[in-house]
Amino acid sequence: DTAVSQTPKYLVTQMGNDKSIKCEQNLGHDTMYWYKQDSKKFLKIMFSYNNKELIINETVPNRFSPKSPDKAHLNLHINSLELGDSAVYFCASSQVGQVYGYTFGSGTRLTVV
Amino acid sequence: EDQVTQSPEALRLQEGESSSLNCSYTVSGLRGLFWYRQDPGKGPEFLFTLYSAGEEKEKERLKATLTKKESFLHITAPKPEDSATYLCAVQARGSSASKIIFGSGTRLSIRP
């Protein structure tokens, strides 16, 4: 049973399109995140939600819009995709007070052509 | 600004050849320092959390240590299956909620 699952695993799309990535966690965690990993493997936080409330919103173009329908789900919608959006996007979850850091999903490789 | 720097960027070792990876950090009050392992095509996998200078944690051939400015991940007699990218991350006290900042990682390759 996958703890943090993301779909799709691969996404190839043309510039200007709109796409969504979905994330679900079955760990009962109260906080979920979106991270972007660039070609140099550098992981950078984009957003964080705690119990459906946005608590971290880093400097990210407003073409990116996260949505959390409940604390087990965090989706990422991207409008007007650009070449520079190509990266691997990771969803993660954590529980306040736990000592195990984050639990990550397996990533969504987005390629914009 | 909180920052994490890892070195070396890449490390190639012979099986059984012990070594250390470095993570230097600058943070306004450390809440926790994390080590993760990332295999190709997968998400980072949690290894350790360290909270205060002098603390050490061990898991199989890995041992993590922490000082006030850096952390080391020591790998003793590594095996090919230890090949992966090792990521260091810090969480600052008083930072936005539970934001964790990552370094760029060390790619470790162990030759049989």
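In this text the structure is predicted, and so the values were computed from the model without any measurement. Residue positions within a chain follow its written sequence, with the count starting from 1. Chain letters start at A and ligand numbers start at 1, both assigned in the order the entries are written. Predicted model: local features are reported for residues with pLDDT of at least 70 only, side-chain atom pairs are reported and counted for 80 or more only, and whole-chain, interface and lining totals are derived from all residues. Hydrogens are left out, water is left out, and the side-chain values use all remaining heavy atoms of the structure.

*Asks:* Account for the overall build of chain B, with residues named and values stated.
*Replies:* The helix and strand inventory of chain B stands at 0 helices and 11 strands. Each helix and strand of chain B, ordered N terminal to C terminal, gives the series β-β-β-β-β-β-β-β-β-β-β. Projecting the C-alpha coordinates of chain B onto the three principal axes gives extents of approximately 45 × 30 × 20 Å. When burial is assessed residue by residue, chain B has 49% of its 112 residues classed as buried. The contact definition used throughout considers only heavy atoms, calling two residues in contact when any of these lie within 4.5 Å. Here the contacts in chain B between residues at least 6 apart in sequence split such that 55% fall between residues at least 24 apart. Note on areas: these come from Shrake-Rupley sampling with a 1.4 Å probe, and a residue is covered only by the protein chains present in the view. Carbon and sulfur atoms make up 47% of the accessible area of chain B, which amounts to about 5,400 Å² in all. Taking the 15 positively charged and 14 negatively charged side chains of chain B as two groups, their mean positions are separated by 3 Å. A run of DSSP states H or I qualifies as a helix once it reaches four residues; a run of E qualifies as a strand once it reaches two. Both are numbered from the N-terminal end. Only protein chains enter the area calculation, which uses a 1.4 Å probe; residues under 20% of their type maximum are buried, those over 50% are exposed, and those in between are partly exposed. In this count, Lys and Arg are taken as positive residues and Asp and Glu as negative ones, while His and the chain termini are left out. Throughout, a charge is located at the NZ atom of Lys, the CZ atom of Arg, the CG atom of Asp or the CD atom of Glu.

*Asks:* Give me the lowdown on the side chain of A:R63, citing residues and values where you can.
*Replies:* Residue and element names in this part refer to chain A. Here R63 lies in the loop between β6 (53-57) and β7 (64-70). Assessed through its relative accessible area of 13%, R63 is described here as buried. In the analysis that follows, any N or O atom pair within 3.5 Å is treated as a polar contact, provided that within protein one partner can donate a hydrogen and the other can accept it, and provided that, for residues neighboring in sequence, both atoms belong to side chains. Separated by 2.8 Å, the side chains of R63 and D85 make a polar contact. Aside from chain neighbours lying at most four places away, what touches R63 is H77, I78, N79, S80, L81, E82 and D85.

*Asks:* For the pairing of strand β7 (residues 62-66) of chain B, give the residues involved together with the corresponding values.
*Replies:* Residue and element names in this part refer to chain B. Burial runs high along β7: 4 of the 5 residues are buried. Sheet topology places strand β6 (residues 56-59) next to β7; 4 bridges connect them, and they run antiparallel. The partner of E58 across the bridge, within β7, is K63. One ladder, built from 5 bridges, connects β7 with strand β8 (residues 70-75); its direction is antiparallel. Its bridge partner being in β8, T65 is matched across the sheet by F72. For two strands to be treated as a pair, DSSP must find at least two bridges joining them.

*Asks:* So what's going on with unusual backbone geometry? Which residues, and what values?
*Replies:* Across the junction of A:T7 and A:P8, the peptide omega takes the value -5°, indicating a cis bond. By secondary structure assignment, the location of A:P8 is in the loop between β1 (4-7) and β2 (10-13). Each neighbour pair has its own omega, and for B:S7 with B:P8 the value is -10°, a cis peptide bond. A positive phi angle, near 45°, is found at A:S80, a position not held by glycine. Relative to the helices and strands, A:S80 resides in the loop between β8 (73-78) and β9 (87-94).

*Asks:* Could you give an account of the interface of chain A and chain B, naming the residues involved and the relevant values?
*Replies:* Taken residue by residue, the interface counts 23 residues in chain A and 19 residues in chain B. Two parts placed together each lose some accessible area under a 1.4 Å probe, and adding up what both lose gives the buried area. Counting the surface lost from both chain A and chain B, the interface buries some 1,500 Å², and carbon and sulfur atoms represent 58% of this. The largest per-residue losses of area from chain A upon contact with chain B belong to A:L43, A:Y102 and A:F104, which jointly make up 28% of the total buried on that side. Salt bridge, as used here, is a side-chain nitrogen of Lys or Arg placed within 4 Å of a carboxyl oxygen of Asp or Glu. Inspection of the chain A/chain B interface yields 0 salt bridges. Viewed at the interface, chain B and chain A are joined by 5 residue pairs in polar contact (both at pLDDT 80 or more). Of all the elements in the fold, those that place two or more residues in the side of chain A that touches chain B are β4 (31-37), β5 (43-50), β6 and β9 of chain A. Take the side of chain A that touches chain B: its biggest share by element is 4 residues, from β4(A). For the side of chain A that touches chain B, a count of residues per class yields 12 nonpolar, 7 polar and 4 charged. When residues are grouped by polarity, Ala, Val, Leu, Ile, Met, Phe, Trp, Tyr, Cys and Pro land in nonpolar, Asp, Glu, Lys and Arg in charged, and all others, Gly among them, in polar.

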